[in-house]
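Here are the chains, one letter per residue:
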Amino acid sequence: MINIGLKEGQDYLQQKGMKDLDTHDPELARILDAEVGRQHRTLSLVASCCAVTPRALAASASALVNVTAEGTPGRRYHAGCENVDLAESLAIQRACELFDAQYAGVQPHSASSANYQVLSALLKSGDTILGMNLDHGGHLTHGSPVTFSGSYYNAIGYSTTSEGVIDYDQVDKLAQKHRPRMIICGATAYSRVVDFVKFREIADKIGAILLADISHIAGLVATKRHQSPVNVAHVTTTCTHKQLAGPRGGLILSGKDANEKVPGMDITFSKALQKAVFPWMQGAPAVNAIASKAAAFGYAMSPNFDAYIERIRTTADAIASAFQAKGYDVIGGHTENHTILIRLDDNITGAMAEEALEQCSIIVNKNRVPGETRSSFVTSGLRIGSGSLAQRYVDQEGCYKIVEIICEVLDKVTPIDDRKFKLDELVKENCRKKVEALCSSYPLIDYTEQQDQNM
Ligand SMILES: *Cc1c(COP(=O)(O)O)cnc(C)c1O
């Protein structure tokens, strides 16, 4: 039996766990260690990635994980919930403060679950939804047929123009024509500001519900570097593990509409949203993750978080200009957030670029581009994000060096077919060394503490 004495507390739990893995489960311990090594030795330019804050990580691994707490604070189906009630109430209160919301649901296990819950709370199966096409930067859960959103609902998609900007006229026309019950905005591969006010105007004209999904830009929204949809859309969702640097999880928010009746239903938005999470779709919440969300929201209100999100913006601008200086087509000509979309040369596909770069310790995503002719498994572009580089305090010079390496790899790739390619072993080794040097110049440190700024 493990004796978890009060004296040892949290430290004991966490240290003993790591020691036990080392001693009794070396197979898993090696995998976990190797991943720490991989993250230190590679440069991640994946737009959705960032490292969790130490405090959110610690809360995730806390003793709250032992508590079953079906229900909501003060209304549980289990006893022994006094501390998890406090943790969940704190997470809710901080989420409301951070995002200026009236309602916050902190129990969703992920943003995809949150979207599923919102749709099932407010729609009937077969209702029409209007979301951004996956090919144009939308998320799977905004109407793709491989998810619930495109198979339980009649999903219509809107697109971006050839400049990579949402075609608001088309959104309006499709809304008039199909009269969806819900319009979904927010994107997963989009480098421009989303005009939530315009979306609400379009929704109001036809009495539709507006859902904004800010998973990718939650940090920019929280620090007022992007307009907030919370008091514009009826409902806002986000994950907590991208710009918020919290645990893997979801968050549902509602602002001024929280206590309004859902159109055509005898229930308010906040009540409908709560019921759709528990008991409709989830059982007991992951209360350790909820405590971790509270830690993330707390940190997100600090000046250091503000400085970090500012670095995300300046780093993204530096990367975009570095690519343009190298003659690459940055879709839309610039970025207004953390994402940079690159159109590759005709003979290079996204799939081969992604793999070639990974072989050189640079991690990116292949991505579709406006006017795409290739499948989503191949694509003609790359999606790059600045979140992880901002956590490493990579300055402008560093950004130029990284882009230089990326361009060198892309120049030296010889395509065989859509996915296969040849890349000289010496080139790979040379690039890996350069990346390793950059990784030690810009080490993964505790970015939550204020560092000397180089930029
Ligand atoms: C990442 C993302 C999601 C999914 O988040 P998970 O928590 O991984 O399910 C949903 N919507 C958008 C717009 C995203 O970018």
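Scroll up to find the structure.
Figured I'd write up the structure that's included with this text. (Residues numbered from 1 in each chain as written. Predicted model: local features only at pLDDT ≥ 70, side-chain atom pairs only at ≥ 80, totals over all residues. Heavy atoms only, no water.)

Here we look at empty space enclosed by the protein
Heads up, the rule is: A pocket, in this scheme, is an open set of points on a 1 Å grid over the protein atoms alone with protein on both sides within 12 Å along at least 5 of 7 lines, while a cavity is a set where a 1.4 Å probe fits but cannot get out; residues line either one if an atom lies within 4 Å of a point. Grid points are joined across faces, edges and corners, and a volume is the space filled by probe spheres set on the points. Each residue gets one label: Ala, Val, Leu, Ile, Met, Phe, Trp, Tyr, Cys and Pro are nonpolar, Asp, Glu, Lys and Arg are charged, and the others, such as Gly, are polar. The domain boundaries here were taken from an automatic or database domain assignment.
Applying the stated criterion across every chain yields a total of three cavities of 30 Å³ or more. Taken as a whole, the largest cavity encloses approximately 120 Å³ of empty space. Split by residue class, the lining of the largest cavity holds six nonpolar, five polar and two charged. In this structure, the lining of the largest cavity is formed jointly by two domains, domain 1 (65-300) and domain 2 (305-454), each of which donates at least three residues. Taken as a whole, the second largest cavity encloses approximately 90 Å³ of empty space. Residue lining of the second largest cavity: 15 residues in total, with Ala187, Tyr190, His216, Ile217 and Asn337 positioned closest to the centre. Of the residues contributing to the lining of the second largest cavity, the split by class is six nonpolar, seven polar and two charged. Both domains that meet at the lining of the second largest cavity, namely domain 1 (65-300) and domain 2 (305-454), each give it at least three residues.

Re the sheet that holds strand S10 (residues 250-254)
The following threshold applies: Pairs of strands are assigned from DSSP output, requiring at least two bridges between the strands. The secondary structure listing takes helices from DSSP runs of H or I that are at least 4 residues long and strands from runs of E that are at least 2 residues long, numbered from the N terminus. Axes here mean lines fitted to C-alpha atoms, for a helix over just the part in contact, with angles spanning 0 to 180 degrees between N-to-C directions. Residues count as neighbours in contact if any of their non-hydrogen atoms are within 4.5 Å of one another.
What the seven strands build is an open sheet, ordered S4-S10-S9-S8-S7-S5-S6; its pairing is mixed. For this open sheet the edge positions go to strand S4 (103-105) and strand S6 (154-158), each flanked by a neighbour on one side alone. On average, each strand axis in the sheet is inclined to that of its neighbour by 20°, with strand direction left out of account. When strand S7 (residues 182-185) meets strand S8 (residues 209-213), the two strands line up parallel, connected through four bridges. Opposite Cys185, over in S8, you have Ala212 as the bridge partner. Along the sheet face, helix H5 (residues 111-122) touches strand S5 (128-132), S7, S8, strand S9 (235-239) and S10 and points at about 160° away from the line of S9.

Overview of the nonpolar core
Formally: In these notes, a set of buried Ala, Val, Leu, Ile, Met, Phe, Trp, Tyr and Cys residues joined through side-chain atoms within 4.5 Å is what counts as a nonpolar core. Think of it in three bands: residues with accessible area under 20% of the maximum for their type are buried, residues over 50% are exposed, and the middle band is partly exposed, with areas taken using a 1.4 Å probe on protein chains only.
Counting residues in each nonpolar core, the largest one holds 64 residues, and the members touching the most others are Phe99, Tyr158, Ile166, Ile183 and Phe199. Two domains each provide a minimum of three residues to this core, namely domain 1 (65-300) and domain 2 (305-454). Not counting residues up to four positions away in its chain, the partners in contact with Phe199 are Tyr158, Ile166, Tyr168, Val171, Ile183, Cys185, Val194 and Leu210. If you look at the next biggest cluster of nonpolar residues, it comprises 42 residues, including Leu382, Leu410, Leu423 and Leu438.

Examining unusual backbone geometry
The residue after Phe278, namely Pro279, is reached through a cis peptide bond having omega 5°. Tracing the chain through its elements places Pro279 in helix H10 (residues 269-281). Unusually for a residue other than glycine, Ser361 sits at a positive phi of about 70°. In this structure, Ser361 sits in the loop between helix H13 (350-359) and strand S13 (362-363). Even without glycine at this site, Tyr393 takes up a positive phi of about 55°.

Description of a nonpolar patch on the surface
Filter applied, for reference: Two joining distances apply to patches: 9 Å for like charges and 5 Å for nonpolar side chains (Val, Leu, Ile, Met, Phe, Trp, Tyr), and every residue must have over 30% relative accessible area and no salt bridge. Working definition of accessibility: Shrake-Rupley area with a 1.4 Å probe, residue cover restricted to the visible protein chains. Every case where a carboxyl oxygen of Asp or Glu lies within 4 Å of a side-chain nitrogen of Lys or Arg is listed as a salt bridge.
A surface patch of nonpolar side chains, amounting to about 250 Å² of accessible area, comprises Leu28, Ile31 and Leu32. Within the element layout of this structure, Ile31 appears in helix H2 (residues 26-41).

So, the sheet that holds strand S11 (residues 329-330)
One open sheet holds the four strands; their spatial order is S11-S12-S15-S14, and the pairing between them is antiparallel. Only two strands of the sheet have a single neighbouring strand rather than two, namely S11 and strand S14 (365-367). Alignment of strand S12 (residues 339-343) against strand S15 (residues 381-385), held across five bridges, turns out to be antiparallel. Bridge pairing in S15 links Thr339 to Gly385. In the packing of helix H12 (residues 303-325) onto the sheet, the strands contacted are S11, S12 and S15, and the crossing angle to S12 comes to about 15°. Along the sheet, H13 contacts S14 and S15; its crossing angle with S15, the most-contacted strand, is approximately 50°.

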